[in-house]
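# Overview (structure and organization)
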Amino acid sequence: MVVRLRRQNLVTLYLSGQLLCFACLNQVCPMPLADSQDEILAVFCLIGIAWALLTKRLSKEKAGFLLKICFALALVESLGIISNGMSGLISRTPVLVDAFKLVKLPLVLFYVSCCLRPWEKRTLVRNLLLASKCFILLAFLGGIVNLAVDVGFSYDLRYGIRSYKFIYENPAALNEVLLVSLVLIMLGEGIGKKSKKNKRGLSHSKAWLLFYLATVVMTLRAGALGLIAFFLISSAGNPIFTSASGVFLAIALGLTSDFLQK
């Protein structure tokens, strides 16, 4: 038997591990510097952007886009620093920390979208595909168990039913990770690409989509349920939703309307 290992490098290995830590590992076993992992990721992306500029890997369009982002961020940062200096409400160190927090998300977004090479993006998705499937399946099974027995996965009581949070502090955090996992599964299975090879991926994604919808319903969050209702209504003619969509839609609309009336 031949085991083929996907091409990897430091970037794909670090980003894969970091995303897993963000998603669930920190919830199960707190990692070192857990409170600073987003800053570490931002510094990693900043170094990656600098390396891409030095090696001239960025096209003129991407380099110009980066210049515009830097100009906009510098303008916002300058206004904040100047206004704080004039008011004197906050000392220098917290201001610098907040200034760095402002640029974390743009740094990560630009690095992932413009600096990663196509094969690195594909490898990153494939690295996280199995983890995403395992997470959605485990979250779904945990939700079923939580409906029958209180095993510590419940958050509060709504409509006489225990709302579901799984291993997180609240259901909203669970819904965020579920959504990212579903997107990774669709990307990994090639959903959206017009090819005969993707029919198998599409059929597999139906089951994961239903697992996702069922788990989100068990969180009993009005925002998530309303989003599901909108999603199912907008996809009413899609064959993916020929089974079980009516049940999920009725539950989502019923619970959301009941919540809004209170």
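Before going into details, it helps to say that this report is about the structure given with it.

Conventions and cut-offs
- The numbers attached to residues start from 1 for each chain and follow its sequence in the written order.
- Local features are withheld for residues below a pLDDT of 70 in this predicted model, meaning they are given only at 70 or higher, and side-chain atom pairs are given and counted only at 80 or more; totals for whole chains, interfaces and linings count all residues.
- Remark: hydrogens and water are excluded; side-chain values derive from all non-hydrogen atoms of the structure.
- In this text, helices come from DSSP runs of H or I with a minimum length of four residues, and strands from runs of E with a minimum of two, each type numbered from the N-terminal end.
- To sort residues, take the accessible area from a 1.4 Å probe on protein chains only and compare it with the maximum for the residue type: under 20% means buried, over 50% means exposed, and anything in between is partly exposed.
- Contacts: residue pairs with any heavy atoms within 4.5 Å of one another.
- Only Phe, Tyr and Trp rings take part, Trp by its six-membered ring, and two of them pair if their centres are within 6.5 Å. Stacked means planes under 30 degrees apart, edge-to-face means over 60, and tilted covers everything else.
- Nonpolar core, defined: a set of buried Ala, Val, Leu, Ile, Met, Phe, Trp, Tyr and Cys residues in which side-chain atoms within 4.5 Å join the residues together.
- Nonpolar side chains (Val, Leu, Ile, Met, Phe, Trp, Tyr) are joined into patches within 5 Å and like charges within 9 Å, using only residues with over 30% relative accessible area and no salt bridge.
- Values of accessible area rely on a 1.4 Å probe in the Shrake-Rupley scheme; residue burial ignores everything except the protein chains shown.
- The salt bridge criterion pairs a side-chain nitrogen of Lys or Arg with a carboxyl oxygen of Asp or Glu, the two atoms within 4 Å.
- In a helix, the anticipated span is given by 1.5 Å times the number of residues less one.
- One bridge is not enough; two strands pair if DSSP finds at least two bridges between them.

## A look at the overall build of the protein chain
Of regular secondary structure, the protein chain possesses 9 helices and 2 strands. Within the protein chain, the proportion of its 262 residues that are buried is 37%. In the protein chain, 67% of the contacts between residues at least 6 apart in sequence involve partners at least 24 apart.

## Some details on unusual backbone geometry
Phi at K56 takes a positive value of approximately 55°, unusual for a residue other than glycine. Taking the relative accessible area as the measure of exposure, K56 reaches 74% and is therefore exposed. A positive phi angle is found at L220, which is not glycine, with a value near 60°. Mapped onto the secondary structure, L220 falls in the loop between α7 (198-219) and α8 (222-234). Assessed through its relative accessible area of 3%, L220 is described here as buried.

## Some details on the packing of aromatic side chains
This model, assessed by the stated rule, comprises 10 aromatic pairs. Judged by centre distance (4.3 Å) and plane angle (35°), the rings of Y14 and F44 are tilted. Here F44 lies in helix α2 (residues 37-54) and Y14 lies in helix α1 (residues 10-28), a separation of 30 residues in the sequence. For the ring pair F135 and Y168, a centre distance of 6.2 Å and an interplane angle of 75° mean the geometry is edge-to-face. On the criterion of sequence distance, the pair formed by F135 in helix α5 (residues 118-148) and Y168 in the loop between β2 (161-164) and α6 (171-188) is long-range, its members being 33 residues apart. In this structure Y168 comes out as buried when scored by relative accessible area, which is 3%. Site record: aromatic cluster; members linked through ring pairs are F135, F153, Y164, F166 and Y168.

## Points about the nonpolar core
Judged by nonpolar contacts, the single largest core of 26 residues is most densely connected at F135, F166, Y168, L174, L178 and Y212. Elements supplying a minimum of two residues to this core: α1, α5, α6, α7 and α8. If one sorts the elements of this core by residue count, α7 sits on top with 8 residues. Not counting residues within four places of it along the chain, the set of residues in contact with F135 comprises F166, Y168, L174, V177, L178 and S181.

## Structural notes on a nonpolar patch on the surface
There is a patch of nonpolar side chains on the surface, built from F71, L75 and L79 and spanning about 350 Å² of accessible area. Tracing the chain through its elements places F71 in helix α3 (residues 60-87).

## Topic: the environment of V177
Relative to the helices and strands, V177 resides in helix α6. The exposure class assigned to V177 is buried, which follows from its relative accessible area of 14%. A C-alpha to C-alpha distance of 9.0 Å links V177 and I136, two positions 41 residues apart in sequence. Discounting chain neighbours no more than four positions away, the residues touching V177 are A23, F135 and Y168.

## Here's the deal with α2
An ideal rise of 1.5 Å per residue puts 26 Å on 18 residues; α2 measures up with 26 Å between its terminal C-alpha atoms. Looking only at α2, the buried set comprises Q37, E39, L41, A42, F44, C45, G48, I49 and A52. Following α2 by one or two positions, K56 has its phi on the positive side, about 55°.

## Brief notes about the pairing of strand β1 (residues 154-158)
Where β1 and β2 come together, 3 bridges link them in antiparallel fashion. Each residue of the ladder has a partner; that of R158, found in β2, is I161. Count of turn residues in the β1/β2 antiparallel hairpin: 2 residues, of which Y159 carries a positive phi of about 55°.

## Notes on the pattern of salt bridges
Here the idea is simple: oppositely charged side chains can pair when their charged atoms come close. The final tally for this structure, using the stated rule, is 4 salt bridges. Between D38 and K104 there is a salt bridge whose closest N-O contact spans 2.8 Å. Placement of the pair is D38 in helix α2 and K104 in helix α4 (residues 92-115), with a sequence separation of 66 residues. In this structure, the salt-bridge partner of R221 is D156, at a minimum N-O distance of 3.1 Å. With R221 in the loop between α7 and α8 and D156 in strand β1, the pair connects residues that are 65 residues apart, well separated along the chain. For D156, a relative accessible area of 26% translates into the label partly exposed. Salt bridges here are not isolated pairs; linked through shared partners, they connect D38, E39 and K104.

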